[in-house]
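Observations on the three-dimensional arrangement
Now for the letters of each chain:
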Amino acid sequence: MKTTATNNIRLGLFVLLGLALLVTALFFISSSSSFFSSDAQLKARFSNVNGLQEGNNVLFSGINAGTVKSIVLLNQHSIEVTLLIKQDVLIHIPKNALVSIGTEGLMGNKVVNIIPLAGTFPGINDGDYLAVEKKTDIDEMLATLSKTNNNIAAISEALKGTALRINNSAVLKLLENKGVAENIELSIQNINTTTAQAQEFVTQLNSIITDTKNGKGAAGLLLSDKDFAANLQQTMANIKTASENANTITREMNNFVATLNIAIVNGNGPVNSLLNDSTLTVKLNKTLDNLEKGTDNFNQDMEALKHNFLLKGYFKKLEKQKKKDTAED
Amino acid sequence: MDLPRSIRFFLEDTGDLARFTGHYFGLGFSRPFETGELLKQCYNIGYKSFGLVALTSFIIGLVLTMQLHPTLVEYGVASQLPVMVGLAIIREIGPVIAALIFAGKIASSIGAELGSMKVTEQIDAMEVSGTNPFKYLVATRVLAATLMLPILIVMADAIALLGAYIGVNIQGTTSLTLFFSQVFHSLEFSDVVPAFIKTFFFGFAVGIVGSYKGYKAAKGTTGVGNAANSAVVLASVLIFIIDLLAVQITNLLGFN
């Protein structure tokens with residue numbers, strides 16, 4: 001009888017353990033599928049539920065918030081989806097939250113996403129309707145993509161043309177030419193040198209300016225000497241007086257020239273006849289002609305003299321002196 | 001005429017089993033209840049089978065996980081291993097493996113026990129002494145099997161999940177919390193409840209087949225052996241048939 005009692009205790013433990021396991025498992029499942037807890041209901045009307053099923057999860061900002069209770073086709077354009085939302089999540093859902101249908105993972109079950117918008121809004125109530133977020137569907141995306149593709153094709157065509165032109169252009173040849181690069185390098189080196197020299201020049205100029213400022217050198221003296229300035233002023237005054245005198249002289253000269261002119265034009269003096277008498281000109285010409293001939297003859301005589309033995313020594317001496325002068329220069 | 005003869009035997013057997021079952025439902029739940037004997041049988045059938053069922057379930061959970069892992073890695077969904085193993089164990093592998101082991105142990109033991117009692121005419125003697133042998137021997141065993149197998153299977157599932165957890169941790173590191181969170185997150189009542197309900201039928205099938213084969217054992221030395229043997233075979237086959245029916249019915253009711 002004692003063994004029976006022990007056996008019964010063991011059996012009792014066994015059964016209790018089994019039932020406890022079962023109840024625990026059911027509890028865990030219920031906590032994830034919210035079977036026992038009292039839930040609030042929210043509704044949303046979709047035009048397309050994309051294969052959503054009753055029992056699918058509802059996520060609020062990614063947190064499990066409940067399940068889909070029912071999906072009812074109201075008419076050809078709208079499907080009413082009733083969501084069972086846990087009370088403790090419901091109090092955090094604002095009135096302006098948007099609802100959309102998404103997918104768990106890449107190809108998992110459908111889920112209903114409730115997304116709160118920015119800003120604080122009063123909480124939603126049991127039985128309220130949620131606004132549906134317009135989701136970009138794949139067809140729309142493909143349509144846009146097709147447009148984009150066309151644009152890309154046009155752009156790439158244009159790019160191709162540009163690339164071809166660049167390929168054939170002289171600029172590319174210039175770029176590919178080794179000599180150009182070397183020249184440019186050389187130029188840069190020259191520029192470098194020039195810059196260095198300019199630097200040096202500027203430095204020197206600077207020192208000159210400094211010196212000038214301090215009164216060193218002729219220019220400095222010129223610029224900083226007060227006596228010199230006074231002299232210069234005096235000189236300028238003198239120049240002024242001189243120029244005034246010059247002016248008077250010029251005026252007098254002018255008068256003189258005017259009277260002279262009148263005398264020349266009207267008078268009988270030798271100047272007038274020199275300028276106006278044509279016969280005199282002919283006579284003068286003849287005289288000049290005779291003079292030319294006379295000089296020529298004189299030249300010949302002189303040449304003959306050079307070769308005369310009496311005067312040869314003198315000419316040789318003259319030549320030697322000339323050579324010596326050029327050597328010294 | 002050989003084939004029709006075997007068919008006739010099969011049909012006769014089926015008819016007898018149905019009658020036996022009907023007899024059980026007619027007598028099994030009538031007063032007086034053999035409570036003490038029922039508890040004793042529960043202890044023998046349930047408690048004493050626990051070790052065997054636990055061992056096989058643990059190994060199945062472990063092996064299933066290790067076998068699934070390479071394939072899931074190939075498809076890049078190794079993180080779904082707990083979900084997959086959990087679903088497989090709870091819905092199908094756990095109940096069926098445990099029920100088959102249970103059938104192998106219990107159907108044979110009931111068949112042999114009742115068969116030897118039948119052969120040694122103890123059953124007849126019991127009837128003479130005023131005790132209803134059907135109520136005392138059959139009803140208690142069938143009820144015990146029906147009640148104990150579901151509990152065994154719940155435990156077997158838990159142990160198989162433990163095995164699976166160890167299996168997952170052989171190839172990677174997953175915390176126990178994450179593992180059970182993943183498993184229970186993926187489980188629905190529609191996974192657990194039908195699987196749990198069908199275990200009652202498994203248990204009932206094992207009990208009733210074992211009892212029937214033992215109760216109807218043929219006289220002679222081979223009778224007991226035949227009874228034990230055919231009880232195991234028929235019970236195992238019935239488990240698969242019930243499993244098939246169960247999945248059909250759950251699909252029909254939309255619980256899948």
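Residues numbered from 1 in each chain as written. Chains lettered and ligands numbered in written order. Predicted model: local features only at pLDDT ≥ 70, side-chain atom pairs only at ≥ 80, totals over all residues. Heavy atoms only, no water.

**Considering the overall build of chain B**
- Scanning chain B from N- to C-terminus turns up nine helices and zero strands.
- Across chain B, helices and strands are ordered from the amino to the carboxyl terminus as α-α-α-α-α-α-α-α-α.
- Each of the 256 residues in chain B was classed as buried or not, and the buried ones make up 45%.
- Summed over all atoms, the accessible surface of chain B reaches about 12,300 Å², with 68% contributed by carbon and sulfur. (Helix = DSSP H or I, 4+ residues; strand = E, 2+ residues; numbered from the N terminus. Buried < 20%, exposed > 50% of the residue type's maximum accessible area, 1.4 Å probe, protein only. Areas by Shrake-Rupley, 256 points an atom, 1.4 Å probe, with all protein chains shown as cover.)

**Here we look at the UniProt feature "transmembrane region" (unreviewed entry) in chain B**
Residue and element names in this part refer to chain B.
- Feature annotation in UniProt assigns "transmembrane region" (unreviewed entry) to the following positions: residues 50-69, 81-103, 142-168, 195-215 and 227-249.
- Along residues 50-69 one finds 100% helix and 0% strand; the C-alpha atoms at either end are 28 Å apart.
- Along residues 142-168, the helical share is 100% and the strand share 0%, with 38 Å between the first and last C-alpha atoms. (UniProt positions renumbered as here; feature names shortened; annotations may be inferred.)

**Observations concerning the nonpolar core**
- In terms of nonpolar packing, the biggest core is built from 48 residues, with Ile45, Phe102, Phe202 and Val206 of chain B touching the most fellow members.
- Looking at this core, the elements with two or more residues in it are helix H1 (2-33) of chain A together with helix H1 (2-27), helix H2 (35-45), helix H4 (81-119), helix H5 (122-128), helix H6 (133-171), helix H8 (189-215) and helix H9 (221-253) of chain B.
- Looking at this core element by element, the count peaks at 14 residues for H6 of chain B.
- Excluding anything up to four places from it in sequence, Ile45 of chain B contacts Phe102, Ile106, Ile110, Arg141, Ala144, Ala145, Met148 and Leu152 of chain B. (Core = buried A, V, L, I, M, F, W, Y, C linked by side-chain atoms within 4.5 Å. Contact = heavy atoms within 4.5 Å.)

**Digging into H9 of chain B**
Residue and element names in this part refer to chain B.
- Helix length check: H9 (33 residues) gives 48 Å between terminal C-alpha atoms against 48 Å at 1.5 Å per residue, within 8%.
- Turning to H9, its buried residues number three or more, namely Gly223, Ala227, Ala228, Ala231, Ala235, Ser236, Ile239, Ile242, Asp243, Ala246 and Thr250.
- Taken together, the buried residues of H9 touch H4 and H8.
- Looking one or two residues beyond H9, the residue adopting positive phi is Gly254, at roughly 80 degrees. (Expected span 1.5 Å × (residues − 1).)

**Description of the packing of aromatic side chains**
- Following the criterion strictly, the structure yields 14 aromatic pairs over all chains and no others.
- Ring centres 5.1 Å apart and planes at 65 degrees place the aromatic pair Phe20 of chain B and Phe134 of chain B in the edge-to-face group. Of this pair, Phe20 of chain B sits in helix H1 while Phe134 of chain B sits in helix H6, and the two are 114 residues apart along the sequence.
- When the centroid spacing of 6.1 Å and the interplanar angle of 25 degrees are considered together, the rings of Phe180 of chain B and Phe184 of chain B count as stacked. Of this pair, Phe180 of chain B and Phe184 of chain B both sit in helix H7 (residues 176-186), separated by four residues, roughly a single helical turn.
- Taking relative accessible area as the criterion, Phe180 of chain B reaches 23% and is therefore assigned partly exposed.
- Take Phe184 of chain B: its relative accessible area is 13%, and that puts it in the buried class.
- An aromatic cluster of at least three residues, connected via ring pairs, comprises Phe14 of chain A together with Tyr43, Tyr47 and Phe50 of chain B. (Phe/Tyr/Trp six-rings, centres within 6.5 Å; stacked < 30°, edge-to-face > 60°.)

**Points about the side chain of Asp157 of chain B**
Residues and elements named next belong to chain B.
- Along the chain, the position of Asp157 falls in helix H6.
- There is no salt bridge for the buried Asp157, and the closest opposite charge comes from Lys198, which lies 9.3 Å off by N-O distance.
- Those residues in contact with Asp157 that sit more than four places away from it in its chain are Ile89, Ile90, Gly94 and Pro95. (Lys, Arg positive; Asp, Glu negative; His and termini not counted. Salt bridge = Lys/Arg side-chain N within 4 Å of Asp/Glu carboxyl O.)

**Remarks on unusual backbone geometry**
- In this model, Ser61 of chain A sits at a positive phi of 50 degrees, which is unusual for a non-glycine residue.
- On the secondary structure map, Ser61 of chain A appears in the loop between strand S2 (57-60) and strand S3 (63-73).
- Judged by its relative accessible area of 48%, Ser61 of chain A falls in the partly exposed class.
- One non-glycine residue, Glu121 of chain B, adopts positive backbone phi at about 60 degrees.
- As for its placement among the helices and strands, Glu121 of chain B is situated in the loop between H4 and H5.
- Under the relative-accessibility criterion, Glu121 of chain B is labelled partly exposed at 44%.

**Side note on the confidence of the model for chain A**
- Taken residue by residue, chain A gives an average pLDDT of 82. The fraction at 70 or more is 89%.
- Across chain A, the element-wise mean pLDDT spans from 68 in helix H8 (residues 270-276) of chain A up to 89 in helix H3 (residues 138-168) of chain A. (pLDDT = per-residue confidence, 0-100.)

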